[in-house]
Amino acid sequence: MISICRYEAKKKEEWNDFNKTSKNSLFMFDRNYMEYHSNRFIDHSLMFYDEDDRLIALLPMNENENKLISHGGLTYGGFITNERMKQHIMNECFDELLKYGKENGYKEIKYKTIPYIFFNQPAEEDRFSLYEHKAKLEIVDASTYVNLKNPLKMPKGRKAQIARAKREGVKIEICTDMESYISFINLENKVLAERHETKAVHTAEELKMLHDRFPENIGLFVAIKDEKMIAGAVIFEYKNVIHTQYMAANEEARKIGGLDLVIATIIEKYKQEKMWLDFGISTEHGRIYLNEGLISQKEGFGGRTGVYETWKIDL
């Protein structure tokens, strides 16, 4: 028999301890990360216990009107589970989740799965349960993954840009000044918005705060030429994955390959200790349009498509 408890602050340590030892642990599921935007989301995270009152799963969620969403403020969502999780238990967890949603007056559950590249052990019990419970696949976002252990070859043009950046004297530095970098990308935000209809999710203050809380997981690589920042990328570091965020380049960097050298440096640094580089999504316009130029740029580093899925369950 599975029981559900809504998360509350007194369970913070229990939540975080379970997340650290789960088979699909992500540092963004740590409460110290999740709560940075608590003013923008009504948290409705759930904790699942077995008949022996042992914690067997976490589900980061927020509520929005008559919907439960896993989780609207995070890139990924879905059940966080440990080695005790088996398929029949996950089916029961979904039974109880749907029952909980109905009893509390919700009409819909939106559920974001965690991509397989983040797993320490197989953990797709939830995807089968979604199918079993007649969930509908609502959104498929196209990301780009690079296999760092066996990358595909870069095209000659990309290699030439990397070589040009080196000839032009571009240097790559690991930086901790998140505020200066956010100021830099804000200068590029007009270009970013025009090209990709996106804007920075985090403010400079939020990104600095998160970096201060998770210095081993959040980093920044910048390209410097003539003592000026011309390009860069924020990285989120997981056990097996490096995920890039906020890649930006000014006009000079685009001409001489500044950002190309940043990404090449990241690949070189982490190829021995990580399995995957995740560039993030290239879908836009409400996630129904594929930006072919953007995904082609990412594919030029030896990446190919992986997907982020969002499912919908009507209650």
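Residues numbered from 1 in each chain as written. Predicted model: local features only at pLDDT ≥ 70, side-chain atom pairs only at ≥ 80, totals over all residues. Heavy atoms only, no water.

Asks: Which residues make up the nonpolar core, and what are the values?
Replies: Met-28, Tyr-33, Tyr-181, Ile-218, Val-234 and Tyr-238 are the most contacted members of the largest nonpolar core, which totals 45 residues. Residue contacts for Tyr-181: discarding those within four places in its chain leaves Leu-220, Val-222, Met-229, Gly-232, Ala-233, Val-234, Tyr-246, Met-247 and Ala-248. Core analysis: the next-biggest nonpolar cluster, separate from the first, contains 26 residues, Ile-242, Ile-256, Ala-264 and Phe-301 among them. (Core = buried A, V, L, I, M, F, W, Y, C linked by side-chain atoms within 4.5 Å. Buried < 20%, exposed > 50% of the residue type's maximum accessible area, 1.4 Å probe, protein only. Contact = heavy atoms within 4.5 Å.)

Asks: Could you give an account of the packing of aromatic side chains, naming the residues involved and the relevant values?
Replies: This model, assessed by the stated rule, comprises 22 aromatic pairs. Between Phe-48 and Phe-79 the ring centres are 4.9 Å apart and the planes differ by 65°, which places this aromatic pair in the edge-to-face class. Here Phe-79 lies in the loop between strand S6 (67–70) and strand S7 (80–81) and Phe-48 lies in strand S3 (residues 46–49), a separation of 31 residues in the sequence. Here Phe-48 falls in the buried class, since its relative accessible area comes to 0%. (Phe/Tyr/Trp six-rings, centres within 6.5 Å; stacked < 30°, edge-to-face > 60°. Helix = DSSP H or I, 4+ residues; strand = E, 2+ residues; numbered from the N terminus.)

Asks: I'd like a description of helix H4 (residues 125–132), backed by residues and values.
Replies: For H4, the full list of buried residues reads Glu-125, Asp-126, Ser-129 and Leu-130. Buried residues of H4, seen end-on, are gathered within an arc of 135° and therefore sit on one face of the element. Phi for Lys-134, located one or two positions after H4, is positive at around 60°. (Arc of directions from axis to C-beta.)

Asks: Go over the packing of helix H3 (residues 87–103) against H4, please, and point to the residues and values.
Replies: A pair of packed helices is captured by two measures, namely the crossing angle of their axes and the spacing between those axes. Orientation of H3 relative to H4, taken along the N-to-C sense of each, is 55°, at an axis distance of 9 Å. Viewed along their axes, H3 and H4 adopt a mutual orientation that is oblique. Here H3 runs over H4; the crossing is right-handed. In this structure, H3 uses Gln-87, Met-90, Asn-91 and Phe-94 to contact H4, whose residues at the interface are Glu-125, Asp-126, Phe-128, Ser-129 and Leu-130. (Axes fitted to C-alpha atoms, helices over the stretch in contact; angles between N-to-C directions. Parallel < 35°, antiparallel > 145°, perpendicular 65-115°, else oblique. Left-handed = near helix turned anticlockwise from the far one by under 90°.)

Asks: Now, about the side chain of Ser-22: what can you tell me, with residues and values included?
Replies: Position of Ser-22 among the secondary structure elements: in the loop between helix H1 (12–20) and helix H2 (31–34). The class of Ser-22 is buried, set by a relative accessible area of 4%. Here Asn-19 takes part through its backbone oxygen, which lies 3.0 Å from a polar atom of the side chain of Ser-22. The contact partners of Ser-22, leaving out residues within four places of it in the chain, are Ile-80, Thr-81, Asn-82 and Asn-120. (Polar contact = N/O pair within 3.5 Å; in protein donor to acceptor, adjacent residues only side chain to side chain.)

Asks: Outline the sheet that holds S6, supporting the account with residue identities and numerical values.
Replies: Within the open sheet, the 11 strands sit side by side as S2-S5-S6-S8-S17-S9-S14-S13-S12-S11-S10. Their pairing is mixed. Each of the sheet's edge strands pairs with one partner strand only, and the pair in question is strand S2 (42–43) and strand S10 (171–175). Here strand S11 (residues 218–225) pairs with strand S12 (residues 228–237) via 8 bridges, running antiparallel. Its bridge partner lying in S12, Phe-221 is registered against Ala-233. Where helix H9 (residues 258–270) meets the sheet, its contacts fall on S10, S11, S12, strand S13 (241–249) and strand S14 (276–278), and the angle it forms with S12 comes to roughly 35°. (Pairing = 2+ DSSP bridges.)

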